[in-house]
Amino acid sequence: MNAYLYISGLALIFFSPFSASLYLSRSVLSGVCELEGYIKLIKATENEITSYMTKQGDIFASFKDEYLEKCGFLPLLRSSPIDECSALEHALEEFDKNTLIPKDCFDALVRFAEVLGKTSVQKQKEACSQCLYVLEKIHSEIKPDALKKAKVYKTIGLAAGAAAVILFI
C-alpha cells in the first residue's frame, strides 16, 4: 500500500511543474491563435464586401474560427446591439481589455472597422488590404518567437518535474 502512495506522490510531483509549463506555453500561443483568427476574419470580410452598405451581420453570421469563438470575440460580434454598420467597431471596443494581440494589430483592426460599411467598396477593400498587411507582417514576426518560448516552457517543466522526482527518490 505504501508503494502505491509513494508512486502516486512521485507522479504528482512530476506532473505539477509539467502541467504548469503546459499552461504557460498555451498562454504564449494564445496571442498567435487570436491573431490568426483575426486574419481569417479580415480575409472572409474582404470576400463579402460587395456594396457601400454591406451589412456586417451578413458578413459575420457565417464566419467561424475556433479560437475567436472560445475567447468570446465572435459571440460578442454577433450579438452586437449596434446598427449593422458598426458591429465590428463595437465588438472591438468591448473586447479591447481582453485581447492578447499586439497593440499595432489591434489599432489596425480598429482603423479597418471604422471604414467597414461606411465608405465605397474600393476604400473598404483598400482598408482591408492595409489591415491584412499589418496583421500578417506582425504575425510572421511573433509566431516563431512564441513557438520557441512555448517549447522552452515545456522543456523546463519536464526537466523541473524530473528533477523533483529524482530529489525525492
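Conventions adopted
Residues numbered from 1 in each chain as written. Predicted model: local features only at pLDDT ≥ 70, side-chain atom pairs only at ≥ 80, totals over all residues. Heavy atoms only, no water. Helix = DSSP H or I, 4+ residues; strand = E, 2+ residues; numbered from the N terminus. Buried < 20%, exposed > 50% of the residue type's maximum accessible area, 1.4 Å probe, protein only. Contact = heavy atoms within 4.5 Å. Salt bridge = Lys/Arg side-chain N within 4 Å of Asp/Glu carboxyl O. Patch = residues over 30% accessible without salt bridge, like charges linked within 9 Å, V, L, I, M, F, W, Y side chains within 5 Å. Areas by Shrake-Rupley, 256 points an atom, 1.4 Å probe, with all protein chains shown as cover.

Asker: Can you walk me through the environment of Gly 57 in this structure?
Answerer: Residue position: Gly 57 is located in helix H2 (residues 56-61). Gly 57 sits in the partly exposed class, given a relative accessible area of 29%. As for Gly 57 and Leu 35, which are separated by 22 residues in sequence, their C-alpha atoms are 21 Å apart.

Asker: Would you mind showing me how to read the environment of Val 165 here?
Answerer: Relative to the elements of secondary structure, Val 165 occurs in helix H7 (residues 121-168). Looking at Val 165, the relative accessible area reads 15%, which means it is buried. A C-alpha to C-alpha distance of 36 Å links Val 165 and Glu 34, two positions 131 residues apart in sequence. Apart from residues no more than four positions distant in its own chain, Val 165 is found in contact with Leu 10, Ile 13 and Phe 14.

Asker: Looking at this structure, I do not really get the pattern of salt bridges. What am I missing?
Answerer: One side chain can pair with another of opposite charge once the charged atoms of both are near each other. Within the structure shown, the criterion is met by 9 salt bridges. Lys 103 serves as the salt-bridge partner of Asp 107, at 3.1 Å between the closest nitrogen and oxygen. With Asp 107 and Lys 103 both in helix H6 (residues 103-115), this residue pair falls 4 residues apart, about one helical turn. Its relative accessible area of 26% is what places Asp 107 among the partly exposed residues. As a salt-bridge pair, Lys 137 and Glu 141 come within 3.4 Å of each other at their nearest N and O atoms.

Asker: Looking at this structure, I do not really get a nonpolar patch on the surface. What am I missing?
Answerer: A contiguous nonpolar patch, built from Tyr 6, Ile 7 and Ile 169 and spanning about 360 Å² of accessible area, is present on the exposed surface. Tracing the backbone shows Ile 169 in the segment after H7.

Asker: Is there a simple way to explain helix H5 (residues 87-95) in this structure?
Answerer: Restricting attention to buried positions, one finds in H5 the residues Ala 87, Leu 88, His 90, Ala 91, Leu 92 and Phe 95. Buried residues along H5 sit in contact with helix H1 (2-48), H2, helix H4 (73-78) and H6.

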